[in-house]
Amino acid sequence: MTITEDAPAGHVGSRRLRKEDPALLTGEAKFIDDLALTGAIWVGVVRSTEAHADIVGIDGSAALAIDGVNEVLSGDDLAPLWGEGALPCAWPVTPDMKNPTHLPVARGTAKYVGDAVAVVLADSRYAAADGAAAVVVDYEPLPAVVEIEDAVADGAPLVHPDLESNECYTWGLWGDNAAAVDAAFADAAHVVSERYLQQRLIPAPMEPRGCAAVPSPAGGELTLYSATQIPHILKVMTAVVLGIPENKLRVVAPSVGGGFGCKLNVYAEEILCSALAMQRGAPVRWTEGRSEGATSTIQGRGQVQHIELAADAGGKVQAVRVKLLADMGAYLQLVTPGVPLLGGFLYHGCYDIGLYLFECTAVFTNRTPTDAYRGAGRPEATYAIERAMDSLAVSVGVSPEEIRARNFIGADAFPYTSSAGLVFDSGDYQAVLDKAVALAGLESRRADQARRVAGGSSKRIGIGFSSYVEMCGLAPSRVLASLDYGAGGWEAATVRISPTCKVQVVTGSTPHGQGHETCWSMIVADKLGVDPDDVEVLHSDTAVSPTGLDTYGSRSLAVGGTAVYMATDKVIDKARAIAAHQLEASEEDLEFSGGTFRVRGTPEAEVPLAGVAFAAFTAHDLPDGMEPNLEAHVTYDPPNFTFPNGTHIAVVEVDTDTGNVDLIDYVAVDDCGVQINPLIVEGQVHGGILQGAAQALYEDAVYNSDGQLVSTNLADYLVPSAAEAPRFRLDSHATPSPTNPMGVKGVGEAGTIAAAPAVINAVVDALRDLGVTDVDMPASPQTVWKAIADAQGGAS
Amino acid sequence: MIPAAFDYEVAESADHAIALLAQHGDDAKLLAGGHSLIPMMRYRLATPSVLVDVGRLDGLRYIRTGNGTVSIGALTRHSELEHSAELAEACPMLASVAALVGDPAVRHRGTLGGTLAHADPASDLPAAVLALGGTIVAQGPGGSREVAAGDFFTGYFESVLADDEMITEVRVPAGTGGWNYQKFNRRAQDWAIVGVAVAGGGSGVSLVNMGSTPVRASGVEAAVAGGASAAEAAAVAADGLEPPEDLNADAEYRSHLARVLTERALNAAGVA
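Colleague: A description of the overall build of chain B should follow, citing residues and the corresponding values.
Modeller: A count of helical and extended segments in chain B gives 12 helices and 14 strands. Taken over the C-alpha trace, chain B has a radius of gyration of 18 Å; the compact-globule value for 272 residues is 19 Å, and the two agree within 12%. Evaluated residue by residue, chain B yields a buried proportion of 54% over its 272 residues. Across chain B, the fraction of contacts at a sequence separation of at least 24, relative to all contacts at a separation of at least 6, is 61%. When the accessible surface of chain B is summed, it comes to about 10600 Å², and 48% of that surface belongs to carbon and sulfur atoms. Each charge class in chain B can be summarised by its mean position, and for the 18 positive and 32 negative side chains these summaries are 6 Å apart.

What follows is the structure, given as structure tokens:
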């Protein structure tokens, strides 16, 4: 990206290198498996090899014969540890939602491949692995439900017979629109009706999961270390599930190597290790293996989508109607049921569509539970509307950019109340698209495309658009209440200035790769007039940062960063009162810039922040009644979500002889509001785009008809590498959000939300003259080749 | 992802390695670069009770040319093949194929002898040696023998190598005429879904991942020898084969790819 803006006045807006990276790059950073714990009990988990089966017997004798293996425990043996306590689901989206009891280790019946059925306790990780492999489980297989649509078919086997149905819930946004929507479809000049599949995805962060529970038997305290995104939420949930008093519990997330949502959860192993550690009075730990994690960690996506558009003769969409089937898997994890809802408000995309109907039926299957995965509901929504808009463009006979232009929410419409009931903060969607079109060099690309078609080339060019808007900055607590989410959406921050004028920021946000320490330092440094390296940022340990709601849903900057910003203001207010006292002036006459308080009009009357900080520390001469020290705490509950948006354009070359798709160019123009550090923004966008393109072209959690996951390792589950990354060409078009004082929106998920439909639209665009109208994800060479063959066969 | 327990022995020489193999029987495996064997052990698909590490036998790391033959020590790394000026001159196809194996980490550890002994039909270099008409030198307790590459591979991960033999050298003819290697995969680091090696202007053609071993496409070779065009010759590339099926490709698609890639390889090798 070329930076054309003027150099920023302060640190905010500059491409400052991340202060996190030296420790990460030199191996100094400590991850969960680096913890040295003397005398720890290692847990090996025996996992079901059957998708659905009664557990008839568990024979641990061969495991117990292995040196270092000490115990083999079944779900029945372990049940007293948690009694009726089950793994929590915090989002009961409807009053009648079905939520099966989810024990950390199954009793009686295994419900999916990977379900924990027994546990081995051993002296080492190696002995635990050998032991787990040696346990013999006798299964009586039961009929399994594998595919989403099979779950709701007549006579389908039941995942949970006691629930009497595989339907978990049906949730919708239908208001009193039904008749008006029907009328719009009846009157429509163009109707688009599409069915799309969102395959299951395996999150695959660099660091698998792991946890270690360390008790202090004398005092009854427990410290739970976990590779988690949510130490604060994990602490509350562990206390609730196991009955450990919260004041005796501390949760620490050490350096965490990525999460993408899969570490936004409360997992069986965390509860298991905590309960065992309390019972045994010894550290208990578990580290996930890569293939183990393919089925023991939540998976993402998993939807069958039906979307219909009704448009007038000019292609202006009057109504959108969406029906989803969403795969919960065998159990509900922390926010499993809520994921489709996060997209449920956004199936009209960035278009002004007056009539909106959305309905989601969630189903149980005998597969690993699903849950939040980067974008969580919003990539699915964006995929459906952006693919459907391209179909509408074909039907109307206009270009993809023209159909979007005819339907965009206008720049003058903000704040814009959507037909789904949200209030969009700011944006200029047309300007963003125009910028992307110019950057992509669309005219010459289209000329090349036409030349190749005319020449009968086997290397076709496709150009795919994706214009998106997403909701992030989760979230106003009262809105979450209206969605039956079990917690709030605020974030906390404390800012302290030490006697020597160094700054300590305590944040409730929980970084796992994003760069919070750098960004929070830049924000605070600019406000206080100090060097960013003089700011330390503390996080991810509930003993240090007791109040917080953690990092997910692109919320950190818009909510946690705003809390830091406001706490800094609060500290400055206190410092101003002390400075006024020192300068014998009134507070109103003081200005603060560059780290110095000055009396307006009397330049020589000034005191640096360092002088104020030391005075606050000694407390020798403070205003009457003022508490010593410079410290302030803020808990910020945002008044609204933020709504990042953008247009991405993917260019592919498809080899029609082999079906191979090359992503040869990728343009992204994003409006994530004001950028604190464009270098970090670019990193988020790059990674996000590749993760979205991965869904489009590479990644697929493939199950066979028996419910066995086939793609269990990184040779079969194709996470793309740098070698597969396209040339990224990025630009931005910021419309500051009026929702928060910095005007920030968030960018952690934008690339992932935008990329998959851009890439698939490009693939379809490349093959349209061959009769191809859709290609399932991932568009593997074989899938593309067969789509061409099918279209050609149909044409002849 | 944790292998079953195993013992580990370091071989001081080829003779020592062979003695250790003889001592431990068929539960022992040679460890060279380890980039195929170790992952299989971590998945517990391979559970050798003893590993005999030959990775330090630097005397078997060499590339020598003479008398129209290139002789390569079995422990020569893929990266050494990739970057050897001598090999680029004498047998550019082998250098070029080596550069396509896995990723840089794999190429810096993986060895030519190791990949041949592993006998994975999806690997690149075995097919290249086959198309080149190479010879594999295997040493056992009774001395050395030479095996033509065409006689070496017997099935999935199986070869004529006895339990107490190790590959010490690989020989290919120098100056191999028109050649090309087509590797089709989804990610740069992956095995070929299908690969095609053409040497000697179409006189040697072999296929990757089209059967239980690297496959000599003798029908294609015969067609080229009989004056067929590249398209005509390629049309028979998959005839009589039973290609494997996996997540990337079923048999029909693999056969199609074999024909498409064979035509491309023949064209690039100078067959019109």
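Colleague: Please set out the domain arrangement of chain B residue by residue, giving values where relevant.
Modeller: Residue and element names in this part refer to chain B. Along its sequence, chain B is organised into domain 1 (7–53), domain 2 (58–173) and domain 3 (180–268). One C-alpha centre belongs to domain 2, the other to domain 3; they are set 20 Å apart. Of the residues lining the interface, 21 residues belong to domain 2; the matching set on domain 3 comes to 23 residues. If you look at where domain 2 meets domain 3, you find 1 salt bridge.

Colleague: Quick rundown of the sheet that holds strand E8 (residues 190–201) of chain A? Include the residues and the values.
Modeller: Remark on secondary structure: sheet strands pair via backbone hydrogen bonds, oriented parallel or antiparallel. Residue and element names in this part refer to chain A. With mixed pairing, the 5 strands of this open sheet are ordered in space as E7-E15-E14-E13-E8. The strands lining the two open edges of the sheet, one partner per strand, are strand E7 (167–173) and E8. When strand polarity is set aside, the average angle formed by the axes of neighbouring strands in this sheet is 10°. Taken together, the 11 bridges between E8 and strand E13 (residues 300–311) define a ladder with antiparallel strand orientation. Of the residues in E13, the one forming a bridge with Ser193 is Glu308. On top of the sheet, helix H6 (residues 178–187) reaches E8, E13, strand E14 (317–329) and strand E15 (355–364); it is set at about 115° to E14, its chief contact.

Colleague: Requested: an account of the nonpolar core, with residues and values cited.
Modeller: The biggest cluster of nonpolar side chains holds 173 residues, and the ones touching the most others in it are Val43(A), Trp82(A), Tyr169(A), Ile307(A), Leu309(A) and Phe424(A). Take this core: its biggest share by element is 13 residues, from helix H20 (residues 750–767) of chain A. Split by domain, this core shows at least three residues from each of two domains, domain 2 (32–142 + 209–287) and domain 3 (300–474 + 640–791) of chain A. What Leu309(A) contacts, discounting residues up to four positions off in sequence, is Phe185(A), His190(A), Val191(A), Val192(A), Val317(A), Ala319(A), Val320(A), Ile385(A), Ala388(A), Met389(A) and Leu392(A). The next biggest cluster of nonpolar side chains, apart from the first, holds 55 residues, and it includes Ala98(B), Ala149(B), Val170(B) and Ala199(B).

Colleague: Any chance you could break down the packing of aromatic side chains for me, citing the residues and the numbers?
Modeller: All names here are of chain A. Counted under the stated rule, the structure contains 16 aromatic pairs over all chains. Taken together, a centroid distance of 6.0 Å and an interplanar angle of 50° make the contact between Phe614 and Phe617 tilted. Highlighted residues: Phe614 and Phe617, both in helix H18 (residues 609–618), separated by 3 residues, approximately one helical turn. Note on Phe641 and Phe643: the rings are 6.4 Å apart at their centroids and 70° apart in plane angle, and the pair reads as edge-to-face. A connected cluster of aromatic rings, assembled from ring pairs, spans Trp171, Phe345, Tyr347 and Phe358. Between the NZ or CZ atom of Arg367 and the centre of the ring of Tyr703, over which it lies, the distance is 5.0 Å.

Colleague: Could you give an account of the packing of helix H7 (residues 231–242) of chain A against helix H8 (residues 268–280) of chain A, naming the residues involved and the relevant values?
Modeller: Residues and elements named next belong to chain A. Packing of H7 against H8 brings their axes to within 11 Å, and their N-to-C directions diverge by 60°. Comparing their axes, H8 and H7 come out oblique. Handedness of the crossing formed by H7 with H8: right-handed. Where H7 abuts H8, its residues Leu234, Thr238, Val241 and Leu242 lie against Glu270, Ile271, Ser274 and Ala275. Of the residues belonging to the contact of H7 with H8, the class tally is 5 nonpolar, 2 polar and 1 charged.

What counts, and at which threshold
- Residues numbered from 1 in each chain as written.
- Chains lettered and ligands numbered in written order.
- Predicted model: local features only at pLDDT ≥ 70, side-chain atom pairs only at ≥ 80, totals over all residues.
- Heavy atoms only, no water.
- Helix = DSSP H or I, 4+ residues; strand = E, 2+ residues; numbered from the N terminus.
- Rg over C-alpha atoms; globule rule 2.2 N^0.38 Å.
- Buried < 20%, exposed > 50% of the residue type's maximum accessible area, 1.4 Å probe, protein only.
- Contact = heavy atoms within 4.5 Å.
- Areas by Shrake-Rupley, 256 points an atom, 1.4 Å probe, with all protein chains shown as cover.
- Lys, Arg positive; Asp, Glu negative; His and termini not counted.
- Charge placed at Lys NZ, Arg CZ, Asp CG, Glu CD.
- Domains from an automatic or database assignment.
- Salt bridge = Lys/Arg side-chain N within 4 Å of Asp/Glu carboxyl O.
- Pairing = 2+ DSSP bridges.
- Axes fitted to C-alpha atoms, helices over the stretch in contact; angles between N-to-C directions.
- Core = buried A, V, L, I, M, F, W, Y, C linked by side-chain atoms within 4.5 Å.
- Phe/Tyr/Trp six-rings, centres within 6.5 Å; stacked < 30°, edge-to-face > 60°.
- Lys NZ or Arg CZ within 6 Å of the ring centre and 35° of its normal.
- Parallel < 35°, antiparallel > 145°, perpendicular 65-115°, else oblique.
- Left-handed = near helix turned anticlockwise from the far one by under 90°.
- Nonpolar A, V, L, I, M, F, W, Y, C, P; charged D, E, K, R; others polar.

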